[in-house]
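# Descriptive analysis of the structure
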Amino acid sequence: MIDFVLQLVIAGLTVGSAYALVALGYHVILRATRAINFSQGEFVVLGGLIAYTFVHVLHASPWLGLLGATAAGFALGWIYERIVLRPAARNGDIAVIIATIGCVFILLYGHALIWGSLPQPLPPFTGAQGQALHPGGVAIQEQSLWVFALLAFALFVLWLLFERTTFGKAIRAAAVNPIGAQLVGIDVNAARAASVGIAIALAAFGGTLLGPITLVGGTAGTAIAIKGFVGAVVGGLDSPLGCALGGLAVGVIEKLLAGWLPYQAVDPVVYTLLLFALIVRPQGLLGRRGAVRD
Amino acid sequence: MLALAVVVYGMAAHGSAFALQVGTYAAIFAVGALGLSLLLGNSAQISLGQAGFFALGAYAVAWLTTNAGWGFIPAAVVGVFAATCVGVGVGLIALRFAGHYLAMATLAFGLIVYGVFSQLDAFGGVNGITDIPPLDVFRYPLSNVAAYWFAWLVAALAAWTTWNLLRSRTGRAFAALSGDPLAAQVAGVPVKRYKLLAFAYAGALAGLSGALYAGYLGLVIPTAMGVQLSIDFLLMAVLGGSGNISGAVIGAALVAGLDVAGHAWENWRPVAYGVLVVCVVIFFPGGIAGLYVRRRRRARPTESGAEVPRAGAHSAGRVTPPSAQSPLCVEHVGKRFGGLVAVRDVSFALEAGRLTSLIGPNGAGKTTLFNAISGVSAPSAGEIRIGGHAVAGWPAHRIAALGVGRSFQNARLFADLTVLENVVLGAFRCERAGFAADLLALRTARRSEREVLERAWATLRELGLESRAGVYARDLAFGERRRVELARAVVSEPWLLLLDEPAAGLNAQERGRLRRDVLTLRERGVTMLLIEHDMRLVMSISDRVLVLNFGELIADGTPAAVRDDPAVIAAYLGAAPESGEAESLR
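Residues numbered from 1 in each chain as written. Chains lettered and ligands numbered in written order. Predicted model: local features only at pLDDT ≥ 70, side-chain atom pairs only at ≥ 80, totals over all residues. Heavy atoms only, no water.

## Let's talk about the packing of helix H3 (residues 50-67) of chain B against helix H5 (residues 99-119) of chain B
Residue and element names in this part refer to chain B. Where H3 meets H5, the closest approach of the two axes is 8 Å, and the angle between their N-to-C directions is 30 degrees. The orientation of H3 with respect to H5, classified from their angle, is roughly parallel. The segment H3 lies against H5, with Gly-52, Phe-53, Ala-55, Leu-56 and Tyr-59 engaging Phe-109, Gly-110, Val-113 and Phe-117. Of the residues assigned to the contact of H3 with H5, the class counts are seven nonpolar, two polar and no charged. (Axes fitted to C-alpha atoms, helices over the stretch in contact; angles between N-to-C directions. Helix = DSSP H or I, 4+ residues; strand = E, 2+ residues; numbered from the N terminus. Parallel < 35°, antiparallel > 145°, perpendicular 65-115°, else oblique. Contact = heavy atoms within 4.5 Å. Nonpolar A, V, L, I, M, F, W, Y, C, P; charged D, E, K, R; others polar.)

Take a look at the structure:
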């Protein structure tokens, strides 16, 4: 029983890593542009497919695939901000929401046109597919260990970027007070585009990490987007650490539910958790009061 | 509208079976799109879960007609009722959240409904319910042509009720709450109730749409009611031009046509929809309707300034407070923001029919006190009695409904509405028509509408704003804006009026005008509390002056007494020789 639960927790933390990265993406974009990007989940899928192309078409190593997908994510995010988010913002908040939802459809059905609608396998970063370690009777895929390590790495890099570099300070200044930032010589538009770039890069990074475990492609994006949002709301949208922990927690909750409920019933229960979290503690477990509502 | 009717008729008269099918779907989806269009364009809320309400309507019809042997119409009534109730529930979430939280919450709602229906064996699980009997009207089955007409009849009814709503006080309430919720509340609009109403109405129409769909198609499956359908509804509303009735119908017709005709490009279609949505919100925020409606505006009742009521149709008389008690009693009121105490233990009572000024240096807590009295933010301590009612903690619209008018320091008008519409909104609490009367444009609604218009015109005339009635508030000069705000505050004939720095920013002539207006109001018996920095005005018109400094009441008396009060002089000049504390404030 304990082993079973432990097994579920490990599986939960693995998928939860993707939710954590999506939640962080929401946080970064929200901070920079005051908008939530509904297509965040689709960029996770797209990232996995870009890595798949590197590996299966260009015969590169999965590591190069990870690098390529992340870099492509940054570039796509930059463009996305320029051609979708920024122009839509001129027509109000609701226009931005609707535009990002439109992009869900472009991405979701667009990548099916290019890569086909069936999910594709991605080789693990080390070892053979599905190869597992067995410390103390619990099976852990090697890839899961990479997922945890690289999630930690990504969090560390983000922290360095935002807290320890002038670039990060500029982005934060641009978000807090665009006019003030402009007055001290910060290119606010570039800072926004870079933020969205970072957020999409995180999504693509997550898609590639999880690829060897969950396959890449298909229609998983919407569920990932909402579960990432559940994680962000549970942990606190204005707290990066809260987003990461919230995402992981949602992954664990999902897998624990899956241990006992029929699998189609899991997602509705997780979504109900969102409504519950919104009503009970909208600022999240680690968030500040008054930070939400818009 | 006429063009639409011709197209609808033409398709039935000359169309193939295929055209008939597309046309029926267009009508069915138009019903749901109308609701979302109102929600999105008029109440400025978003829902990505319309498919959830649609599914409730569809499953109610499917289950009741197949398993319980009901006819279509009673089954549809149950479905619409269920969708309306759930709409209120989702609306309750919407009250706490706006923007992306609401979008995500409604998206989750849609997916939950989808999940529940695909899980429950009673509703056929993932296979849904098939063999639904064809559409019938009280047991009389409809042919395809009759079903087409029936669907369009329902769509026309939905368009009619939506139109009625938008041109009544409900439509005005939507315009106000999407423009400036706080000002709307103070003008007497119960903002929360109207937000809920918009959700319930949109839910009801989506449910009706689903009911028709189930009856017409003869089967329901959960996958037809997933996120894709919610997004389709969004596309219809946005493509047609949200907030526009004919736009919603056109949007629905286009999407229905593309859905049915576009099977050949099954894989490309959703991508094209996505591109279309993005392009429309970026390049044509007014949608298709924006192309033929010259100026982007909401359906509004009062824009037909043509029928100006004759002078004297309504004339303001003397007002009296409803009870013999003091119109306003402030008892030990305090307000703190975190660690900052803005108002501390303030008590005073106003005498009926008198003009009292509240003065004090900037930051003394005057506006904070106004906010507490008018219900904008509840006091942290103490009690406020207005006409005998203990109102501390009441929402602003309830306080307004007692007969309290208020203006803001920075003239919060509804910028996208005309002067007349702004003033009509001020009379919101005087209107008597209920929701049902609005919906069906009953005679009570029309009469109430006429009375309110007469009142508004009378007020405009009195304040010399008649010629500006049709001008948009955003195009007004500052002084006029203040006068319109005064008109909005007095049109409902309040017996207690709170004016926050009405003279600030006015030129000498405008100040003279304001002075006359205020004195006229006093003659009429209106009890007034005035925040003002213009001492000449304060001293010459006030019956009594209250002085607030650092959140505390430091003086209370006639203008002359207050002027000579050493504490007041110290507060303003910081120069009282015996007060070392005042010295340090300089």
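There's more to say after this.
## What about the sheet that holds strand E10 (residues 527-531) of chain B?
Residue and element names in this part refer to chain B. Taken in spatial order, the six strands line up as E8-E9-E10-E5-E11-E12 in an open sheet, and their pairing is mixed. The sheet terminates laterally at strand E8 (404-406) and strand E12 (552-557), the two strands that pair on one side only. Going across the sheet, the axis of each strand differs from the next one's by a mean of 15 degrees, ignoring polarity. Across the sheet, helix H15 (residues 396-403) touches E8 and strand E9 (496-500), and the angle it forms with E8 is around 115 degrees. Each of E8 and E9 is contacted by helix H19 (residues 478-490), which is oriented at about 160 degrees to E9, the strand it contacts most. (Pairing = 2+ DSSP bridges.)

## Details of the packing of aromatic side chains
Tallied over the entire structure, the rule returns 26 aromatic pairs over all chains. Taking the centre distance of 4.9 Å and the plane angle of 50 degrees together, the rings of A:Trp63 and A:Phe125 count as tilted. Of this pair, A:Trp63 sits in helix H3 (residues 62-89) while A:Phe125 sits in the loop between helix H4 (93-115) and strand E1 (132-133); the two residues are 62 residues apart in sequence, bridging distant segments of the chain. According to the relative accessible area criterion, A:Trp63 is partly exposed, its value standing at 34%. Centre to centre, the rings of B:Phe29 and B:Phe54 are 6.1 Å apart; their planes meet at 15 degrees, and the pair counts as stacked. Placement of the pair is B:Phe29 in helix H2 (residues 17-41) and B:Phe54 in helix H3, with a sequence separation of 25 residues. Linked through ring pairs, B:Tyr25, B:Phe29, B:Phe54, B:Tyr213, B:Tyr216 and B:Phe233 together constitute an aromatic cluster. Sitting over the face of the ring of B:Trp163, B:Arg167 holds its NZ or CZ atom 4.4 Å from the ring centroid. Above the ring of B:Trp394, the side-chain terminus of B:Arg398 is found at 3.8 Å from the ring centroid. (Phe/Tyr/Trp six-rings, centres within 6.5 Å; stacked < 30°, edge-to-face > 60°. Buried < 20%, exposed > 50% of the residue type's maximum accessible area, 1.4 Å probe, protein only. Lys NZ or Arg CZ within 6 Å of the ring centre and 35° of its normal.)

## Notes on the confidence of the model for chain B
Residues and elements named next belong to chain B. A residue-level look at chain B finds 92% of positions with pLDDT of 70 or above and a mean pLDDT of 86. Contacts for the low-pLDDT stretch residues 576-586, under 50 throughout, to residues beyond four places or in other chains number eight contacts. The complex model carries a pTM of 0.86, and its ipTM stands at 0.87. (pLDDT = per-residue confidence, 0-100.)

## Digging into the nonpolar core
With 206 residues, the main nonpolar core has A:Phe38, A:Leu209, A:Phe229, B:Phe29, B:Met104, B:Val220 and B:Met225 as its most contacted residues. Among the elements that make up this core, the one with the highest residue count is H2(B) (15 residues). Not counting the four nearest positions on each side in its chain, A:Phe38 is found in contact with A:Ile97, A:Thr100, A:Ile101, A:Val104, A:Ala225, B:Leu48, B:His100, B:Ala103, B:Met104 and B:Leu107. Counting residues in hydrophobic clusters, the runner-up holds 64 residues, among them B:Ala364, B:Ile373, B:Leu413 and B:Leu548. (Core = buried A, V, L, I, M, F, W, Y, C linked by side-chain atoms within 4.5 Å.)

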